[in-house]
Amino acid sequence: MTATPPYDWGGVFHLGVFLKSLAVLAGVLLAQLSSLALAQSEATSPAPLKHWPIEAFAALPAMEEPQLSPDGERIAARVAIKGELMLMIASIANGPNRVRVIPIG
């Protein structure tokens, strides 16, 4: 005597019925997911847009093109201080007169 599986269909597998059932299930799941996504998007309001003043686009960058000296002891860069372009040379070592600033523009 052989054991029969609990899904004994008499040896006939109806692929068409199975695929239709699977398509209906997929459609129901897709409808549920889309309704959840729609409800969630309506519940959360978008963040307000940040408005930048026009002066921000015309401002000089705080620092441009920093370069390390060949001996590795100093850094040079163009910097903007109070709207004026300057050359900054800073020593890596601690001490007085560590940073020098020269107007260039």
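Heads up: the structure comes first, above all this text.
What counts and what doesn't
- Residues numbered from 1 in each chain as written.
- Predicted model: local features only at pLDDT ≥ 70, side-chain atom pairs only at ≥ 80, totals over all residues.
- Heavy atoms only, no water.
- Helix = DSSP H or I, 4+ residues; strand = E, 2+ residues; numbered from the N terminus.
- Buried < 20%, exposed > 50% of the residue type's maximum accessible area, 1.4 Å probe, protein only.
- Contact = heavy atoms within 4.5 Å.
- Areas by Shrake-Rupley, 256 points an atom, 1.4 Å probe, with all protein chains shown as cover.
- Core = buried A, V, L, I, M, F, W, Y, C linked by side-chain atoms within 4.5 Å.
- Pairing = 2+ DSSP bridges.
- Axes fitted to C-alpha atoms, helices over the stretch in contact; angles between N-to-C directions.

Re the overall build of the protein chain
And step 1. Broken down by element type, the protein chain carries 2 helices and 4 strands.
And step 2. Helices and strands in the protein chain line up, N terminus first, as α-α-β-β-β-β.
And step 3. Here the protein chain holds 105 residues, and the buried ones make up 6% of them.
And step 4. Contacts in the protein chain between residues far apart in sequence, at least 24 positions, make up 7% of those at least 6 positions apart.
And step 5. For the protein chain, the exposed surface amounts to about 9300 Å²; the carbon and sulfur share of it is 66%.

Focus: the nonpolar core
And step 1. The biggest cluster of nonpolar side chains holds 5 residues, and these are Ala-77, Val-79, Met-86, Met-88 and Ala-90.
And step 2. Those elements that place two or more of their residues in this core are β2 (74–81) and β3 (84–91).
And step 3. At 3 residues, the largest contribution of residues to this core is made by β3.
And step 4. Dropping the residues within four chain positions of it, Ala-77 is found in contact with Met-63, Glu-64, Glu-65, Pro-66, Met-86, Leu-87 and Met-88.

Some thoughts on the sheet that holds β2
And step 1. The strand order β1-β2-β3-β4 describes an open sheet built from 4 strands, whose pairing is antiparallel. A strand with exactly one partner marks an edge of an open sheet, and here the two such strands are β1 (63–68) and β4 (99–103). In this sheet, adjacent strand axes meet at a mean angle of 20° when their direction is disregarded.
And step 2. Judged from the 8 bridges that link them, β2 and β3 form a sheet pairing that is antiparallel. Looking at β3, one finds that Ala-76 is bridged to Ile-89.

Some points on unusual backbone geometry
And step 1. Despite not being glycine, Glu-65 has its phi angle at roughly 45°, a positive value.
And step 2. Its location among the elements puts Glu-65 in strand β1.
And step 3. Of note, Lys-82 is a non-glycine position whose phi angle comes to about 50°, a positive value.
And step 4. Take Lys-82: it is sitting in the loop between β2 and β3.
And step 5. Relative accessible area serves as the criterion here: at 85%, Lys-82 is assigned to the exposed category.

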